[in-house]
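Listed below, chain by chain, are the residues.
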Number of protein chains: 2
Amino acid sequence: MVMDSNGLQTRIERMCIERGLKMTGQRRVIARVLSEAHDHPDVEELYRRASLLDGRISVATVYRTVRLLEENGILERRDFGGSRARYETTGEGDHYHLIDVESGQVVEFTHADHAELLRRITAELGFDLVSHRLELFARRLPDVPEEQTTQVAQTQRKGRSRP
Amino acid sequence: MVMDSNGLQTRIERMCIERGLKMTGQRRVIARVLSEAHDHPDVEELYRRASLLDGRISVATVYRTVRLLEENGILERRDFGGSRARYETTGEGDHYHLIDVESGQVVEFTHADHAELLRRITAELGFDLVSHRLELFARRLPDVPEEQTTQVAQTQRKGRSRP
DNA sequence: TTAACTGCAAAATGTTTGCTTCCGA
DNA sequence: TCGGAAGCAAACATTTTGCAGTTAA
């Protein structure tokens, strides 16, 4: 069994092995970086983080690895409007992204049945939905205190909501 | 007064003049190409079309022009997943895009109140919606004959529906 | 052993820019 | 006239690739 920073195999490493991918030192490092990433890093950033753990990794390898992982359904490529592609691990549950146009910060959220709605729209147009992309670009509202007004049940912020 | 292919000023040219942009020969050609484009061309394609009308245009000029037009709210940049940015003229009414993953063909459609829904979602998250992006990637269904089943009123294909 | 992987540097791609010349208002 | 615009090529930024050496299975 291969280990993460705490001596445990990372989830991504496990997935790689399941798929029969050769686990090199570099891949292990990248897998660990990805497993520990709770944001949406681009290749540059992944390379930076990986390099801290192991200086013998090249950007080319990071590029090749993210592509490989994407092709194997382990990673998903995102485009939040910047010039570079960003990545997040698959299977954290369906969610969308809201990008704070001021800070660049990304907020994940879920919205019940949105995918179903889109599937219906697609069907009406005579198509079968393969995938979709929904991104909201928004500006933080002046912090209204903890007094909820119309809480519409469907929308839900993902993850630890207040740090 | 400047003329389009039929001797009339194009809509885009008019908008440029309104905004006080200097109308050079190249811009006139690009404006005409854009006015006549009913698809979502990328810079390469715009350059190709413009070059047919006037061989003395450089790609750099096309790049500078689309940027200028975008900054002036005349054009909108789109990203349909390919490697290059694509453009369409502003103000044809709000609509979304469905990209046929097989052919690359883009189908425009409207969906009543979708923007309003997204605005509500955004507000629930404590943000103010600035802009959003929604793209459907889909595969054409085997052509079911002209017998509509559940026609959900909201979705509507834009433009000439069957060529 | 050997097919797959890596590093490196070069190349490919899409886009922007510096500079000189040109031209529209 | 003269400031913005065009052409050209060089610069950029991101990503891919060819090749020769390395390594996991």
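The shown structure was predicted, so the numbers you read here are calculated from the model rather than taken from an experiment. Numbering of residues starts from 1 in every chain and runs along the sequence as written. Key to labels: chains lettered from A, ligands numbered from 1, both in the order written. Totals for whole chains, interfaces and linings use every residue, but because this is a predicted model, local features are given only for residues with pLDDT of at least 70 and side-chain atom pairs only at 80 or more, for both listing and counting. Side-chain measures were taken over the full set of non-hydrogen atoms in the model, leaving aside hydrogen atoms and water.

**What about the sheet that holds strand β5 (residues 127-140) of chain A?**
Now for step 1: Strand pairing is assigned whenever DSSP detects at least two bridges linking the two strands. Strands are runs of DSSP state E lasting at least two residues, helices are runs of H or I lasting at least four, and both sets are numbered from the N terminus onward. Read from one edge to the other, the open sheet built from 8 strands follows the order β6(A)-β4(A)-β3(A)-β5(A)-β5(B)-β3(B)-β4(B)-β6(B), with strand pairing classed as mixed. One side of each edge strand has no neighbouring strand; the edge strands of this open sheet are β6 (155-157) of chain A together with β6 (155-157) of chain B. Adjacent strand axes in the sheet meet at a mean angle of 30° when their direction is disregarded.
Now for step 2: Bridge analysis of strand β4 (residues 106-111) of chain B against β6 of chain B gives 3 bridges, and the strand direction is antiparallel. Bridging from a neighbouring strand, Phe109 of chain B pairs with Arg157 of chain B of β6 of chain B.
Now for step 3: We call two residues in contact whenever any of their non-hydrogen atoms come within 4.5 Å of each other. For every element, the axis is a line fit to its C-alpha atoms; helices are fit only across the contacting stretch, and the angle between N-to-C directions ranges from 0 to 180 degrees. Here helix α5 (residues 114-124) of chain A sits on the sheet and contacts β3 (96-100), β4 (106-111) and β5 of chain A together with β3 (96-100), β4, β5 (127-140) and β6 of chain B; the angle it forms with β5 of chain A, its principal contact strand, is near 130°.
Now for step 4: Docked against the sheet, helix α5 (residues 114-124) of chain B engages β3, β4, β5 and β6 of chain A together with β3, β4 and β5 of chain B, running at close to 130° with respect to β5 of chain B.

**Points about α5 of chain B**
Now for step 1: Those residues of α5 of chain B not exposed but buried are His114, Ala115, Leu117, Leu118, Ile121 and Thr122 of chain B. With its buried residues spanning 155° around the axis, α5 of chain B presents them on a single face. Only protein chains enter the accessibility calculation, which uses a 1.4 Å probe; a residue is then buried when its area is under 20% of its type maximum, exposed when over 50%, and partly exposed in between. Read the arc as the range of directions from the helix axis to the C-beta atoms.

**Some words on the nonpolar core**
Now for step 1: Core analysis: the largest hydrophobic core is formed by 28 residues, its most contacted members being Leu98 and Leu136 of chain A together with Leu98 and Leu136 of chain B.
Now for step 2: Among the elements of the structure, β3, β4, α5 and β5 of chain A together with β3, β4, α5 and β5 of chain B are those that each provide at least two residues to this core.
Now for step 3: Beyond its immediate stretch of four places on either side in the chain, Leu98 of chain A contacts Gln105, Val106, Val107, Phe109, Leu136 and Ala138 of chain A together with Thr122, Leu125 and Phe127 of chain B.
Now for step 4: Buried Ala, Val, Leu, Ile, Met, Phe, Trp, Tyr and Cys residues form a nonpolar core when they are joined through side-chain atoms within 4.5 Å. Counting 21 residues, the second-largest nonpolar core is a separate cluster that includes Met15, Cys16, Met23 and Ile57 of chain B.

**Quick notes on the UniProt feature "binding site: Fe cation" (unreviewed entry) in chain A**
Now for step 1: UniProt positions are given in the numbering used here, feature names are shortened, and annotations may be inferred rather than shown by experiment. Per the UniProt annotation, the sites labelled "binding site: Fe cation" (unreviewed entry) are His132 of chain A.
Now for step 2: Mapped onto the elements of the fold, His132 of chain A is located in strand β5.
Now for step 3: Ignoring sequence-local partners within four residues, the contact set of His132 of chain A consists of Tyr96, Ala115 and Leu118 of chain A together with Glu135, Leu136 and Phe137 of chain B.
Now for step 4: Polar contact criterion, stated in full: a pair of N or O atoms within 3.5 Å, where within protein one must be able to donate a hydrogen and the other to accept it, and residues adjacent in sequence count only if both atoms are side-chain atoms. In terms of polar contacts, His132 of chain A uses its side chain to reach the side chain of Tyr96 of chain A, at 2.9 Å.

**Notes on the protein's contact with DNA strand D**
Now for step 1: By convention in this text, a residue qualifies as near a molecule or strand provided that one of its non-hydrogen atoms is within 4 Å of it. Close contacts around DNA strand D come from 20 residues, with Tyr63 and Arg84 of chain A together with Gln26, Arg56 and Thr61 of chain B the closest.
Now for step 2: Across the atoms of DNA strand D situated within 4 Å of the protein, the share located in sugar and phosphate is 68%.
Now for step 3: The separation between a phosphate oxygen of DNA strand D and a polar side-chain atom of Tyr63 of chain A is 2.6 Å.
Now for step 4: Contact between DNA strand D and Thr61 of chain B: a phosphate oxygen at 2.3 Å from a side-chain N or O atom of the residue.
Now for step 5: Sorting elements by how many residues they give to the surface near DNA strand D places helix α4 (residues 59-71) of chain A first, with 4 residues.

**Focus: the protein's contact with DNA strand C**
Now for step 1: Around DNA strand C, a shell composed of 20 residues is seen, among which Gln26, Arg56 and Thr61 of chain A together with Tyr63 and Arg84 of chain B lie nearest.
Now for step 2: The sugar-phosphate portion of DNA strand C accounts for 73% of its atoms within 4 Å of the protein, the bases making up the rest.
Now for step 3: A distance of 2.9 Å separates a phosphate oxygen of DNA strand C from a polar side-chain atom of Thr24 of chain A.
Now for step 4: One of the side-chain nitrogen or oxygen atoms of Arg64 of chain A is found 2.9 Å away from a base nitrogen of DNA strand C.
Now for step 5: For the surface near DNA strand C, the elements supplying multiple residues, two or more each, are α2 (25-36) and α4 of chain A together with α4 (59-71) of chain B.
Now for step 6: Per-element accounting of the surface near DNA strand C gives the leading share, 4 residues, to α4 of chain B.
Now for step 7: Three categories are distinguished: nonpolar for Ala, Val, Leu, Ile, Met, Phe, Trp, Tyr, Cys and Pro, charged for Asp, Glu, Lys and Arg, and polar for the others, with Gly belonging to the last. In the surface near DNA strand C, the residues fall into 6 nonpolar, 6 polar and 8 charged.

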